[in-house]
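# Reading the structure
Here is what each chain is made of, one letter per residue.
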Amino acid sequence: MAPIDPHSFTDSTHPLATHISLSFFFDFPSSTIHASALLTLPAPYSGPLSLDVRALTIHSVIDPQNPSDPISYVISPPDPVKGCHLSFTLSNASSVLILYSTSPSSSALQWLSPPQTFNKRLPFVYTQCQAIHARSVFPCQDTPAARVLYAAKLNVPRQLSAVMSARHVDRRDPIPGEGSALISGDALWCADDRVVEEFVMEQPIPPYLFAFAVGELGYREVGPRTRVYSEAVPAVLESAATEFASTEDMIRQGEALFGPYEWERFDLLVLPPSFPHGGMENPRMTFLTPTVLKGDSSGAQVVAHELAHSWTGNLITNKTNEHFWLNEGFTTYAERRIVEAVQGEDRAALNIGIGWRGLNKEMERFKDNLEVTKLKTNQEGVDPDDVYSEVPYEKGFQFLWRIERQVGRPAFDEFLKKYIATFKFQSIDTDTFLDFLKANLPGIEKEVDLVLWTEGTGIPPDAYEPVSNIYAKIVSMANEFKFGRMPGADEVADWRGQEWELYLENLPKSIEPSQIVELNSRFRLSESRDYDVKVTFLLLAIASKCKDYFGEVERTLKEVGRKKYLVPLYSALVEGNGKEEEKILAKQVFAAARETYHPIAQSVIETIFNKHC
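Model, not experiment: these values are computed from the prediction.

Reading the values: the criteria
Residues numbered from 1 in each chain as written. Predicted model: local features only at pLDDT ≥ 70, side-chain atom pairs only at ≥ 80, totals over all residues. Heavy atoms only, no water. Buried < 20%, exposed > 50% of the residue type's maximum accessible area, 1.4 Å probe, protein only. Helix = DSSP H or I, 4+ residues; strand = E, 2+ residues; numbered from the N terminus. Pairing = 2+ DSSP bridges. Phe/Tyr/Trp six-rings, centres within 6.5 Å; stacked < 30°, edge-to-face > 60°. Lys NZ or Arg CZ within 6 Å of the ring centre and 35° of its normal. Domains from an automatic or database assignment. Buried area = accessible area lost by both parts, 1.4 Å probe. Polar contact = N/O pair within 3.5 Å; in protein donor to acceptor, adjacent residues only side chain to side chain. Contact = heavy atoms within 4.5 Å. Axes fitted to C-alpha atoms, helices over the stretch in contact; angles between N-to-C directions. Salt bridge = Lys/Arg side-chain N within 4 Å of Asp/Glu carboxyl O. Core = buried A, V, L, I, M, F, W, Y, C linked by side-chain atoms within 4.5 Å.

All right, on to the pairing of strand E9 (residues 161–164) then. What you see with E9 is no split at all: Ser161 and Val163 on one side and Ala162 and Met164 on the other are buried throughout. Bridge analysis of E9 against strand E12 (residues 212–215) gives four bridges, and the strand direction is antiparallel. Directly across from serine 161, in E12, lies its bridge partner glycine 215.

And the structure:
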């Protein structure tokens, strides 16, 4: 084999599929999808083909030109990171059809029973395919180096509806014959209580951007190319429409900075609380956690980030996860430029300051695994979910910000537009970017140590803490805390979540429990609707052994599924010595809440427990 990606069985000597046509029959009672995948190759091909699969039951592999003679296939024993290798040999075939079923343990799928949803009436299912989980939904060359078009037919219960990271074509009655191979005849496919939703994706995407959700969905229009979707709960829909009212302004700013928006629509789906990420940049349909509904429009910060991915990540994609900073560092830079244009320089400076603090904390977290502190990493044998961190986001941002300071913003803006136009709809690696950088900003390698930035560990000495009046003021106020001074009500009257998060992040590491109680009695931080504020406060409480708030820690761990909050809270409870009571609490809470978490979050938390308990 000649693998092109440490996280995939895809072979560089084999052709890459250019189109996948999918048919899905959703069986909610068994948490299973019965499916077919028709992979189209660029030309007729004879020879072996390797695909990635995980927790799929393969029923048959067929050459559509010779359907009566199934192709023999081999499935390898599961690799702990990559899953299974599905291999077979084609003979002058330009396509291959695979009939299969998913399993309830699919790492990309979360099936929610009615009690786990907002409305508590009907079931719900959604995908999270990044980084390497698309292979648990359909057999594929599951590497971002392989970009594909796709079409999909989703057969779902009639009282539900579907959305996808694709253009919606039709909602119609099932047609006899179109799904008979999946479920042994037309009786189930064409039942009166079933409906088919059709979608098509006409721009090539990496497999991790494949996404769908099926449930009792409603929507609100918030702009000429944006709807917000969620479960059909008026309060959630109205809250989302208010929170994201400025989306069109952000799209226009993105276009002014980075060139045309290539995806036609930018719709948003607010998922149930178990969604493990803040947002997922699925093209045409960004998925969001309900924790971004903060009530003060500051949740639009996450939308700005996912929107920025429309240029950096979706349009130009990292070739493998070892170059993840090309997605996230660029997108963090682009997000902050959009925020600066829409909300002002002070707001952008706060974002940079929070990120700077987070980057320094990550360097401390990974002091025993310095490979993870590089931008260009070696991830052979490593599960990307286990090393997910802020490093590619914040160190990547700092690298690009350093280049901007060197050449000036006008020159860097011109470079960015050219970079995006040159590589759009391609997947590239760090060396490709650096070659383009040196060719278009001549002499940059003499002014900025590109090797140190991309291959060195830690934070380079020419990284930069932001400078702004509001940032400096908040950091100064946090430093005064050790002398017993807390902010006055008038000083924080206009603070929003980011101001509070920056303040709390910069407080001394060691605080007396009585100080924690006094801080909360003044500002009710443990009750904040903004989980960034609430969780940052609760982490301080755990660190200071202020057990007054352990009940709130437990409630928070049971009501959210976002890894950004789960990972630090569980880690704070179980890391270190003398924490037997905290470890017992963590284990009890996880046992009670585990089934409400997405499989990706479950796995990450179990890794934390295995290391520290």
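A full pass over the atoms with the stated rule returns 51 aromatic pairs. Note on phenylalanine 24 and phenylalanine 210: the rings are 6.4 Å apart at their centroids and 85° apart in plane angle, and the pair reads as edge-to-face. Pair noted here: phenylalanine 24 is in strand E1 (residues 19–27) and phenylalanine 210 is in the loop between strand E11 (194–205) and E12, with a separation of 186 residues, a long-range link. Geometry around phenylalanine 397 places arginine 336 over its ring, the cationic atom sitting 4.6 Å from the centre.

With that settled, consider the domain arrangement of the protein chain. As assigned here, the protein chain comprises domain 1 (19–215), domain 2 (220–310), domain 3 (317–455) and domain 4 (469–612). Together domain 1 and domain 4 conceal approximately 490 Å² of surface at their shared face, both sides included; 54% is due to carbon and sulfur atoms. When the buried surface of domain 1 facing domain 4 is broken down by residue, Ser107, Gln110 and Gln116 rank first, second and third, together holding 61% of it. In this assembly, domain 1 and domain 4 are joined by two residue pairs in polar contact (both at pLDDT 80 or more).

Inspection of the secondary structure puts asparagine 327 in helix H6 (residues 325–343). Dropping the residues within four chain positions of it, asparagine 327 is found in contact with Tyr208, His309, Thr312, Gly313, Ile316, Thr317 and Asn318.

Quick look at the sheet that holds strand E6 (residues 109–112) now. Whenever strands of a sheet pair, they do so through backbone hydrogen bonds, lying parallel or antiparallel. Within the open sheet, the four strands sit side by side as E6-E7-E12-E9. Their pairing is antiparallel. Two strands bound the open sheet, and with one partner strand each, they are E6 and E9. With strand direction ignored, the average angle separating the axes of adjacent strands in the sheet is 10°. In terms of strand pairing, strand E7 (residues 124–127) meets E12 through two bridges, oriented antiparallel. Paired with valine 125 across the strands is valine 214, a residue of E12.

On to the pattern of salt bridges, then. One pass over the full model with this rule turns up 44 salt bridges. Across the salt bridge formed by arginine 337 and aspartate 413, the nearest N and O atoms sit 2.7 Å from each other. Taken together, the residues arginine 337 in helix H6 and aspartate 413 in helix H9 (residues 409–423) connect sequence positions 76 residues apart. You'll find arginine 337 and aspartate 413 in the same group, each marked buried. One continuous salt-bridge network, built from bridges that share partners, spans Lys153, Arg172, Glu178 and Glu198.

The next thing to look at is the nonpolar core. Counting residues in each nonpolar core, the largest one holds 183 residues, and the members touching the most others are Phe24, Phe26, Leu154, Phe212, Tyr419, Phe433 and Tyr503. It is strand E2 (residues 32–53) that contributes the most residues to this core, nine residues altogether. For phenylalanine 24, the residues in contact, after removing those within four places along its chain, are Ile33, His34, Ala35, Tyr100, Val137, Lys153, Leu154, Asn155, Leu182, Trp189, Phe210 and Phe212. Ile62, Leu99, Leu182 and Val196 belong to the second-largest nonpolar core, a separate cluster that totals seven residues.

The subject of this paragraph is the environment of glutamate 178. Structurally, the position occupied by glutamate 178 is in the loop between strand E10 (167–172) and helix H1 (180–183). The class for glutamate 178 is buried, based on a relative accessible area of 19%. Taking C-alpha positions, glutamate 178 is 30 Å from glycine 83, a pair spaced 95 residues apart along the chain. Among all residues touching glutamate 178, those that are not within four sequence positions of it are Lys153, Arg172, Trp189 and Val196. Engagement of the side chain of glutamate 178 in a polar contact is seen with the backbone nitrogen of isoleucine 175, the distance being 2.8 Å. In this structure the side chain of glutamate 178 is engaged in a polar contact, spanning 3.0 Å, whose partner is the side chain of tryptophan 189.

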